[in-house]
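Structure assessment
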Amino acid sequence: EETVIPVFPWFGIDIGGTLVKLVYFEPLDLTAEEIRNEGEILVNIRRYLTSNRAYGQDGVRDDALELKNIELGSRRGNLHFIRFPTSKMMTFIDACVMRNLHMLTFKIFATGGGAYKFEKDIVEKLKISWCKCDELDTLMNGLCYITKLNSKECFYYEEPQNDANPNKHPFTFDINHPFLLVNIGSGISILYVESESSYRRITGTSIGGGTFLGLCCLLTGCSSYDEAIQLASEGDSTKVDKLVKDIYGGDYERFGLPGHIVASSFGHMNQSDKRDQASKADLARATLVTVLNNIGSISMMCARTENVHRVLFSGSFLRVNDLSMRILAYAMDYWSGGEIKAIFLEHEGYFSAVGCLRQFLM
Ligand code: ADP
């Protein structure tokens, strides 16, 4: 019996609150007949996507994340990871038309809020059939697939506080033991995952990656995420935050609170002399630490309530953000007395888009 393989191109798209994540499967095993039938438009698209790392002003291919020569369904190919700001979605649709994608009929699976918000614009301008998927279902689906495919996908830090070498190691991940999945995008969703096919959303918080970026832009005048992270890496949050020792002169011994922990985020900023001493970098660092402390403590409470010992962090907030991962890893380890482990993922924010791509094969 012959299995029906969906026609190329295979794209998965996740249109989030801040970033659009697009994954593209480049087939490496096209038959002579498929090559004959592929047509000029598709050949051009394939060449354009795979031979560039930047598309227009705002599109970027994360080529370091590319998964080469992998199996998807019964096909072999390279998996490419592309992103651009959601604010440029209309420009993206017009660029598709310019490259004649509106002449082709094909199917695409889409997720994220933008799959709903932009549906009308897309089906008006392009001939594709637009299949909407739930973003948490696709997140789980993409996570299952990539963690099985790539033995180095998950990692942890053995010494998160060691700046010279935090000792990053691959983590052997078994998806069928319960864990927490904390997805840090513009906002945050926290899932309790029991197994591949069973999960529920426990809670969320609006204080996420969007909050960090928004507050950083307000406080420092920076204008991009990469700039905000760079600033934060150069700053000192203790110039901004009020620590336990600023209040006690030392530790708050009775309840085991060491002097170096934050008692009040931004707690120094009511004093004008302290405000004068805080640099932009210090403010960026304090914003980062504030958001991370909140994420850490909510994740910890959820992990305790659900009685799990592994917390996986996904989402683009952890992009080029080794600093945040180490702060989170240290906080989780410290507050759980070493019981709860923070685990991170190489493909950060791309899992939902990958989950969409897999819909072709289900
Ligand atoms: P969403 O699906 O809500 O867009 P993501 O998982 O893509 O969420 O994460 C968005 C967050 O990632 C932003 O709020 C910001 O903190 C961070 N981020 C990482 N890279 C970028 C970037 N190039 N531009 C904007 N934000 C970025």
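Presented here is an overview of the structure given in this document. In this text, all values refer to a predicted model and were calculated from it rather than measured experimentally. (Residues numbered from 1 in each chain as written. Predicted model: local features only at pLDDT ≥ 70, side-chain atom pairs only at ≥ 80, totals over all residues. Heavy atoms only, no water.)

Side note on the packing of aromatic side chains
Taken as a whole and assessed by the stated rule, the structure comprises 21 aromatic pairs. Both rings, one in Phe-8 and one in Phe-25, keep their centres 6.5 Å apart while their planes meet at 25°; by these two values the pair is stacked. Linking Phe-8 in the segment before β1 (10-15) with Phe-25 in strand β2 (residues 19-27), this pair joins segments that are 17 residues apart in sequence. A ring pair is formed by Phe-109 and Phe-360, whose centres lie 5.2 Å apart and whose planes are at 90°; its orientation type is edge-to-face. (Phe/Tyr/Trp six-rings, centres within 6.5 Å; stacked < 30°, edge-to-face > 60°. Helix = DSSP H or I, 4+ residues; strand = E, 2+ residues; numbered from the N terminus.)

A short note on the state of the cysteines
On inspection of all chains with the given rule, the structure shows zero disulfides. Looking at Cys-154, it has no disulfide partner, and the nearest cysteine sulfur is the one in Cys-144, 11 Å off. When its relative accessible area of 2% is taken as the criterion, Cys-154 is described as buried. Its sulfur unpaired, Cys-216 is 4.8 Å from the next cysteine sulfur, which belongs to Cys-222. (Disulfide = S-S within 2.5 Å. Buried < 20%, exposed > 50% of the residue type's maximum accessible area, 1.4 Å probe, protein only.)

Considering a nonpolar patch on the surface
A surface patch of nonpolar side chains, about 290 Å² in accessible area, is lined by Leu-215, Leu-218 and Leu-219. Counting through the fold element by element, Leu-219 comes out in helix α7 (residues 209-220). Overall, Leu-219 belongs to the partly exposed group, its relative accessible area being 37%. (Patch = residues over 30% accessible without salt bridge, like charges linked within 9 Å, V, L, I, M, F, W, Y side chains within 5 Å. Areas by Shrake-Rupley, 256 points an atom, 1.4 Å probe, with all protein chains shown as cover. Salt bridge = Lys/Arg side-chain N within 4 Å of Asp/Glu carboxyl O.)

Side note on the sheet that holds strand β10 (residues 168-170)
In spatial order, the strands read β10-β9-β17-β16-β11-β12-β13; together these seven strands make up an open sheet with mixed pairing. At either margin of the open sheet sits one strand with a lone partner, and together these are β10 and β13 (198-205). The sheet shows a mean angle of 30° between the axes of neighbouring strands, taken without regard to direction. Note: strand β9 (residues 154-157) against β10, three bridges, orientation antiparallel. Of the residues in β10, the one forming a bridge with Tyr-156 is His-169. (Pairing = 2+ DSSP bridges. Axes fitted to C-alpha atoms, helices over the stretch in contact; angles between N-to-C directions.)

A few points about the nonpolar core
For soluble globular proteins, the rule of thumb is that nonpolar side chains tend to be buried together. With 40 residues, the main nonpolar core has Phe-81 and Leu-181 as its most contacted residues. Take this core: its biggest share by element is seven residues, from helix α6 (residues 135-149). Residues within four places of Phe-81 in sequence aside, it is in contact with Leu-22, Val-23, Val-60, Arg-61, Asp-62, Leu-65, Glu-66, Leu-67, Ile-146, His-347, Tyr-350 and Val-354. (Core = buried A, V, L, I, M, F, W, Y, C linked by side-chain atoms within 4.5 Å. Contact = heavy atoms within 4.5 Å.)

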